[in-house]
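# Chain and residue survey
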Amino acid sequence: MKKDSNILFIVYIMIVIAISELIGMQFVKVGNLTILILPLVFAVLITMIIGIPAWRKGIIQKIYSDANIKFAGSNLIFIMLPLMARYGADVAPKINEIMQYGWVFLLQSVGNIGTVILGLPIALLLGLKREAIGATLGIGREGELAYISEKFGLNGEEGRGVLSMYLVGTLFGALFFSFIPPILNAVGFDYRALAIASGLGSASMMTAASSSIVGLHPQFADTITSFAGASQLVTSFMGTYIMVFLSIPLMNFMYKIFKKERAIN
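My aim in this report is to walk through the structure given alongside it, one point at a time.

What counts and how
- Residue positions are counted from 1 within each chain, in the order its sequence is given.
- In keeping with the predicted nature of the model, local features appear solely for residues at pLDDT of at least 70, side-chain atom pairs appear and are counted solely at 80 or more, and the whole-chain, interface and lining totals rest on all residues.
- Working from all heavy atoms in the structure, the side-chain values ignore hydrogens and water.
- Throughout, the bend at a residue refers to the angle made by two axes, fitted to the seven residues ending there and to the seven starting there.
- Numbering of helices and strands runs from the N terminus, with a helix taken as a DSSP run of H or I at least four residues long and a strand as a DSSP run of E at least two residues long.
- In this scheme, a helix's expected span is set at 1.5 Å multiplied by one less than its residue total.
- Each residue gets one of three labels from its accessible area relative to the maximum for its type: buried under 20%, exposed over 50%, partly exposed in between, using a 1.4 Å probe on protein chains only.
- Should any heavy atoms of two residues lie within 4.5 Å, those residues are considered in contact.
- For the purposes of this section, nonpolar cores are sets of buried Ala, Val, Leu, Ile, Met, Phe, Trp, Tyr and Cys residues that join through side-chain atoms within 4.5 Å.
- Geometry is summarised by axes, namely lines fitted to C-alpha atoms with helices restricted to the contacting stretch, and by angles between N-to-C directions that run from 0 to 180 degrees.
- Between 65 and 115 degrees an angle is taken as roughly perpendicular, under 35 as roughly parallel, over 145 as roughly antiparallel, and anywhere else as oblique.
- Handedness of a helix crossing follows the sense of rotation of the near helix relative to the far helix, less than a right angle counterclockwise being left-handed and clockwise being right-handed.
- Residue polarity is assigned by list, with Asp, Glu, Lys and Arg as charged and Ala, Val, Leu, Ile, Met, Phe, Trp, Tyr, Cys and Pro as nonpolar; anything else, Gly included, falls into the polar class.

Glancing now at helix α11 (residues 157-187). Within α11, the axis deviates most sharply at Gly-169, by approximately 40°. Trailing α11 by a residue or two, Gly-188 shows a phi angle of about 125°, which is positive.

So, about helix α8 (residues 114-125). Taking 1.5 Å as the rise per residue, α8 with 12 residues should run 16 Å; its terminal C-alpha atoms sit 17 Å apart, in good agreement. Within α8, burial applies to Thr-115, Val-116, Leu-120, Pro-121, Ala-123 and Leu-124. In the core, the buried residues of α8 are packed alongside α9 (131-135) and α14 (221-259). One or two residues past the end of α8 sits Gly-127, with phi positive at roughly 110°.

Residues Leu-120, Ile-133, Leu-137, Met-251, Tyr-255, Ala-263 and Ile-264 are the most contacted members of the largest nonpolar core, which totals 19 residues. For this core, the secondary structure elements donating two or more residues are α8, α9, α10 (141-151), α11 and α14. Looking at this core element by element, the count peaks at 5 residues for α14. If we ignore the near neighbours within four places in the chain, the residues touching Tyr-255 are Leu-120, Leu-124, Lys-129, Arg-130, Ile-133, Lys-260, Glu-261, Arg-262 and Ala-263. One finds Leu-38, Val-41, Phe-42 and Leu-171 within the second-largest nonpolar core, a separate group that totals 8 residues.

Attention shifts here to the side chain of Glu-158. Within the secondary structure, Glu-158 sits in helix α11. Setting aside residues up to four positions removed in sequence, Glu-158 forms contacts with Arg-130, Ile-133, Gly-134, Ile-148 and Phe-152.

Our next topic: the packing of α11 against helix α13 (residues 203-216). With their axes 8 Å apart at the nearest point, α11 and α13 run at an angle of 30° to one another. Viewed along their axes, α11 and α13 adopt a mutual orientation that is roughly parallel. When the axes of α11 and α13 are compared, the crossing they make is right-handed. From α11, Gly-169, Thr-170, Gly-173, Ala-174, Phe-177, Ser-178, Pro-181, Pro-182 and Asn-185 reach across to α13, where they touch Ser-204, Met-205, Ala-208, Ala-209, Ser-212, Ile-213 and Leu-216. Of the residues in the contact of α11 with α13, the class split is 9 nonpolar, 7 polar and no charged.

Here the focus is the environment of Val-110. Mapping Val-110 onto the fold places it in the loop between α7 (102-109) and α8. Looking at Val-110, the relative accessible area reads 39%, which means it is partly exposed. Separated by 28 residues in sequence, Val-110 and Gly-138 place their C-alpha atoms 9.9 Å apart.

When two helices pack together, their arrangement is captured by the angle between the axes and the distance separating the axes. At a minimum axis separation of 9 Å, helix α2 (residues 39-50) and α11 run at an interaxial angle of 125°. Taken as axis vectors, α2 and α11 run oblique relative to one another. Pair α2 / α11 crosses with left-handed handedness. On α11, the residues touching Leu-40, Val-41, Val-44, Leu-45 and Met-48 of α2 are Leu-167, Thr-170, Leu-171 and Ala-174. In terms of residue class, the contact of α2 with α11 is made up of 8 nonpolar, 1 polar and no charged.

What follows is the structure, encoded as structure tokens:
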């Protein structure tokens, strides 16, 4: 019975993916700005709307069963592996040019600790408990998702925190990073700086930001894509070490001040 439920769940996922890909990338004009909406955003919206508890009846109830939700949470990490391979393929053709700015990529990774310094106190003051640990551990979302999944599992408080931020980032982060580059470009930022800044450890945000930059500078499309992919790789790779050696000790220190206990043991 469980196996049949999993098969139904996977078929449902494939249908949602097909619908989202048919919709494709959509460009929405807001004044002089163009906002890019990715198929990933449509996929999340479709599954959220269909999954509203009041509508979960019959086959929908089977699809959104507790067993399938746990199955999705425990296997989400495997989705990240093809993404990392894709980043590597985009980076390779421009590796010599990227190496000229290597220190910039490394320096950006230190920004991971900003979510702990700024986000953790705000999250705790808003009433979050251990959900704040998963929600504010860093900006490299795939890395934090993998770490929280391995350390705490995705069905606990910490897991709910990291998954909530993952979904919020997918829906609103991608939209936010679609219209920020045109503003910074108008101010005078170099397209390469904007491309590097788009690699925040989030595939959807990076794609939205880099696509927006390519729209502004189509003649530099290959460079923009490569720089964004390299930044994404460095953020994901170096972000893991910064998370372990800087963010986690800092989070333990700050969490102990607020809650009189260690965040991560």
